[in-house]
Amino acid sequence: PARVDNLDMGATVWMIASTALVFLMIPGLGYFYSGMVRSKNALSLVFLCMMALAVVTVQWVVWGYSLALSETSNNGFIGDLGHWLFLNVDYSPHPNAPTVPGVVFATYQCMFAALTPGLAIGGAAERIRVLPTIVYTFIWTTVVYDPIAYWVWAPGGWLAKLGVLDFAGGCAVETASGFAALAFYAVLGKRRGFGEEKWQPHNHLNIILGFAFLFFGWFGFNAGGATLVSGRAGIAFMTTNIAGAVAGIVWVALAYWQQRRFSSFHFCSGAVAGMVCVTPAASLVSTWAAFPMGAAAGLCCFYAVELSLRLGIDDCIDVFAVHGVGGVLGVMLTGVFANKNIIGLDGGSSQGGLINGYGHQLLIQLAAAAASAAWSFGVS
């Protein structure tokens, strides 16, 4: 049970540090996006990512945390308002993080919630105005992110009760943002002039700078919630590194095979796809599993970008191809590579995935990916 006398200072410090790392991903995302668009729209994307942090922080305190991670709600769909305005969010730990104060866990999760609409906004780059986007961010977080997070992570969530394995956001963060970006395109359509002129990233240095912040912050994103004592935080740290490296190399190789040139943009996109894919599995798999997961992400997301272009989808930042496709792929591969021995290192109980002979986990993962994608796309 989660009790105050179970609090661990080392775990608390690590989660606070990881919160700061995930915070760094938000301006990093803005810079990453800003380099991919025309110079006249670059500043607005950085600004909107930072505004998302501010808007979602307010939303999270008012009711977002209570809706997304309530431990007292009696239904499987959404949390109650027992913690609205952060009431009783103090030293008492949440069941999902029994060794850290509840307020630390809530703040850590706030960074996840703030990053997600920033990801989705990229799908509408160069087609949106600031004020409507700020309002949209508040509403989207409430009606899309919070329910999916509750399904997967809250003790009473219907997917959690089914036994879904999603360690750090394959459903609520990656799949939800990717399919929200696709919904943006479905409603807003193409940018003016798309297909009539050649569109190129305007600043590769911004792309690399933003990517570096994302890669650095992702270690907190994936390893921040893992147990220090058992070593699962170290496993999450290394699987993130391996998957990003392997997918970056695969993407560069595929692009070179097609175009006979190297591009920093290709490496950055590929590495992000790899980290997206391994996110739901980060501390649930053996480190070697990050190799096939990274390779699969580099391959599948590269060709998802190609397919989007052939279909005439104007997703200038490849949010759907990288986060939507990569997120669904990662959720499914978690059902393949989840290792019950790794999960059990800190006392967790699971039958693992296909490698442990438990093929039923794949059906649970499919249900989670399908429900998250359908809800995000439909409501967005």
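Everything below is about the structure shown above.
All values derive from a computational prediction rather than experimental measurement. (Residues numbered from 1 in each chain as written. Predicted model: local features only at pLDDT ≥ 70, side-chain atom pairs only at ≥ 80, totals over all residues. Heavy atoms only, no water.)

Undergrad: It is not clear to me how the pattern of salt bridges should be interpreted in this structure. Could you clarify?
TA: If the charged atoms of two oppositely charged side chains come close together, the side chains can form a pair. The full count for this structure, using the stated rule, is five salt bridges. Glu 126 is paired through a salt bridge with Arg 38; the nearest N and O atoms lie 3.3 Å apart. With Glu 126 in the loop between helix H3 (102–121) and helix H4 (130–153) and Arg 38 in the loop between helix H1 (9–36) and helix H2 (39–69), this pair connects stretches of sequence that are 88 residues apart. Since its relative accessible area comes to 29%, Arg 38 is described here as partly exposed. In this structure, Asp 346 engages Arg 232 in a salt bridge whose closest nitrogen and oxygen atoms are separated by 2.9 Å. Of this pair, Asp 346 sits in the loop between helix H12 (340–343) and helix H13 (360–379) while Arg 232 is found in helix H8 (residues 232–259), placing the two residues 114 residues apart along the sequence. Assessed through its relative accessible area of 7%, Arg 232 is described here as buried. Within this structure, Arg 38, Glu 126, Arg 127, Arg 191 and Asp 314 form a network of salt bridges that share partners. (Salt bridge = Lys/Arg side-chain N within 4 Å of Asp/Glu carboxyl O. Helix = DSSP H or I, 4+ residues; strand = E, 2+ residues; numbered from the N terminus. Buried < 20%, exposed > 50% of the residue type's maximum accessible area, 1.4 Å probe, protein only.)

Undergrad: How should empty space enclosed by the protein be read in this particular structure?
TA: One pass over the structure, following the stated rule, counts three cavities of 30 Å³ or more. Considering only enclosed or pocket space, the largest cavity measures out at about 70 Å³ in volume. Around the largest cavity, the lining residues are Phe 32, Tyr 33, Met 36, Phe 265, Ser 269, Val 272, Ile 317, Asp 318, Val 319, Val 322 and His 323. Elements with a minimum of two residues in the lining of the largest cavity: H1, helix H9 (264–278) and helix H11 (319–337). Counted by class, the lining of the largest cavity contains eight nonpolar, two polar and one charged residues. Taken as a whole, the second largest cavity spans an internal volume of roughly 60 Å³. Lining of the second largest cavity is provided by Met 25, Leu 29, Phe 32, Leu 115, Leu 119, Glu 174, Leu 214, Trp 218, Val 272 and His 323. Counting only elements with at least two residues in the lining of the second largest cavity, the list comes to H1, H3 and helix H7 (204–223). Among the elements that make up the lining of the second largest cavity, the one with the highest residue count is H1 (three residues). (1 Å grid on protein atoms, 1.4 Å probe; cavity = no way out; pocket = protein on both sides within 12 Å on 5 of 7 lines; lining within 4 Å. Points joined across faces, edges and corners; volume = space filled by probe spheres on them. Nonpolar A, V, L, I, M, F, W, Y, C, P; charged D, E, K, R; others polar.)

Undergrad: Which parts of the structure should I look at to understand the layout of surface pockets?
TA: Think of a ball as big as a water molecule: rolled over the atoms, this probe shows where empty space is left. Roughly 1,200 Å³ of volume is contained in the largest pocket. The wall of the largest pocket is formed by 46 residues, among which Pro 95, Asn 96, Phe 167, Arg 232 and Asp 346 lie closest to the centre. Listing elements by their share of the lining of the largest pocket, those giving two or more residues are H1, H3, H4 and H7. In terms of residue count, H3 provides more of the lining of the largest pocket than any other element does, four residues in total. Here the lining of the largest pocket is built from residues that sort into 27 nonpolar, 15 polar and four charged.

Undergrad: Even after reading the chapter, I still don't get the packing of aromatic side chains, so can you show me in this structure?
TA: Aromatic ring pairs are described here by two measures, namely the spacing of the ring centres and the angle between the planes. One pass over the full model with this rule turns up 23 aromatic pairs. Note on Phe 77 and Trp 375: the rings are 5.3 Å apart at their centroids and 75 degrees apart in plane angle, and the pair reads as edge-to-face. Placement of Phe 77 in the loop between H2 and H3 and of Trp 375 in helix H13 is noted, with a sequence separation of 298 residues between them. Of the residues examined, Phe 77 reaches a relative accessible area of 37% and is grouped as partly exposed. Among the residues examined, Trp 375 registers a relative accessible area of 28% and is labelled partly exposed. What links up through ring pairs into an aromatic cluster is the set Tyr 108, Phe 112, Trp 153, Trp 218 and Phe 221. (Phe/Tyr/Trp six-rings, centres within 6.5 Å; stacked < 30°, edge-to-face > 60°.)

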